[in-house]
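Secondary and tertiary structure notes
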Amino acid sequence: MRADLERLGRYDEHRVRQRLRDSFSTRHTSIIMTDGELAGCVTVRPSEGRQWLEHFYLAPHRQGQGLGSAVLRTVLERTDAQGMTVALNVLRGSAARRLYARHGFVLESQDAIDVFMVRPPGGRADAHA
């Protein structure tokens, strides 16, 4: 995420750490392990009648190997079973946006920094009004 924030001229180490402190929830966060090694984490937090996908981080050496898609599929299977819409925000220009689009997320809104995306249960974009 640092590279994307630097690209947008928005990287501030203190602000990044404070954002994580302010929004991190151990109750809703899962760690991602592969080959006995910590590979990342993901938070799925209920709020406003949705599940918010947040803090989805993979170690750089674990990216590009299909792990992110596998984790996302697992998360979406659970939210689909609950009949829940999933929402997230991603930085403008982030490569992660393509991952989310492949899994049924569609644009809800955007600003100069963030792109907000949603995925209705089952990935049916027409179900989102």
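Residues numbered from 1 in each chain as written. Predicted model: local features only at pLDDT ≥ 70, side-chain atom pairs only at ≥ 80, totals over all residues. Heavy atoms only, no water.

1. Quick look at the overall build of the chain
Spelled out, the test is: Comment: elements are numbered from the N terminus, with helices defined as DSSP H or I runs of at least four residues and strands as E runs of at least two. Between two residues, a contact is recorded if the distance between any of their heavy atoms is within 4.5 Å.
Counting its regular elements, the chain contains 4 helices and 6 strands. Secondary structure elements in the chain, listed N-terminal to C-terminal, are α-α-β-β-β-α-β-α-β-β. Sequence-distant contacts in the chain: of pairs separated by 6 or more residues, those separated by 24 or more amount to 48%.

2. Considerations on the confidence of the model for the chain
Rules: Per-residue confidence from the prediction method is given by pLDDT, with values spanning 0 to 100.
This prediction gives the chain a mean pLDDT of 83; 77% of its residues lie at or above 70. Ranking the elements of the chain by mean pLDDT puts helix α1 (residues 2-7) last with 47 and strand β5 (residues 106-110) first with 96.

3. Description of the side chain of Ser94
This is how the line gets drawn: Throughout, exposure labels follow a simple rule: accessible area from a 1.4 Å probe, protein chains only, divided by the maximum for the residue type, with under 20% read as buried, over 50% as exposed, and the rest as partly exposed. Polar contact is the term for a pair of N or O atoms within 3.5 Å; when the atoms are in protein, one must be able to donate a hydrogen and the other to accept it, and sequence-neighboring residues count only if both atoms are side-chain atoms.
Structurally, Ser94 is set in the loop between β4 (86-91) and α4 (96-102). Relative accessible area serves as the criterion here: at 10%, Ser94 is assigned to the buried category. A polar contact of 3.1 Å, which involves the side chain of Ser94, links it to the backbone nitrogen of Ala96.

4. Digging into the environment of Gln110
Along the chain, the position of Gln110 falls in strand β5. Remark: the alpha-carbon pair of Gln110 and Arg92, spanning 18 residues in sequence, is separated by 8.3 Å. Apart from residues no more than four positions distant in its own chain, Gln110 is found in contact with Arg92, Arg97 and Val115. Side chain to side chain, Gln110 and Arg92 meet in a polar contact 3.5 Å long.

5. With respect to the nonpolar core
To keep things clear, this is the line we draw: For our purposes a nonpolar core is just a set of buried Ala, Val, Leu, Ile, Met, Phe, Trp, Tyr and Cys residues, chained together by side-chain atoms within 4.5 Å.
Ile32, Leu53, Phe56, Leu72, Tyr100 and Phe105 are the most contacted members of the largest nonpolar core, which totals 19 residues. Within the residue set of this core, elements represented by two or more residues are β2 (37-47), β3 (50-58), α3 (67-81), β4, α4 and β6 (114-119). In this view, Phe105 contacts Leu72, Leu76, Val86, Leu88, Tyr100, Met117, Val118 and Arg119; residues no more than four positions away in its chain are not counted.

6. Here we look at the sheet that holds β5
Put simply, the rule reads: We treat two strands as partners when DSSP finds at least two bridges between them. For helices, the fitted axis covers only the stretch in contact; all axes are lines through C-alpha atoms, and the angles between them, taken along N-to-C directions, range from 0 to 180 degrees.
Pairing is mixed in the open sheet, where 6 strands are placed in the order β1-β2-β3-β4-β6-β5. Strands at the two margins of the open sheet, each flanked by one partner only, are β1 (29-34) and β5. Taking the axes of each pair of neighbouring strands and ignoring which way they run, one obtains an average angle of 30° across the sheet. Alignment of β2 against β3, held across 7 bridges, turns out to be antiparallel. By the bridge assignment, Pro46 is partnered in β3 with Gln51. Across the sheet, α3 touches β1, β2, β3, β4 and β6, and the angle it forms with β3 is around 165°.

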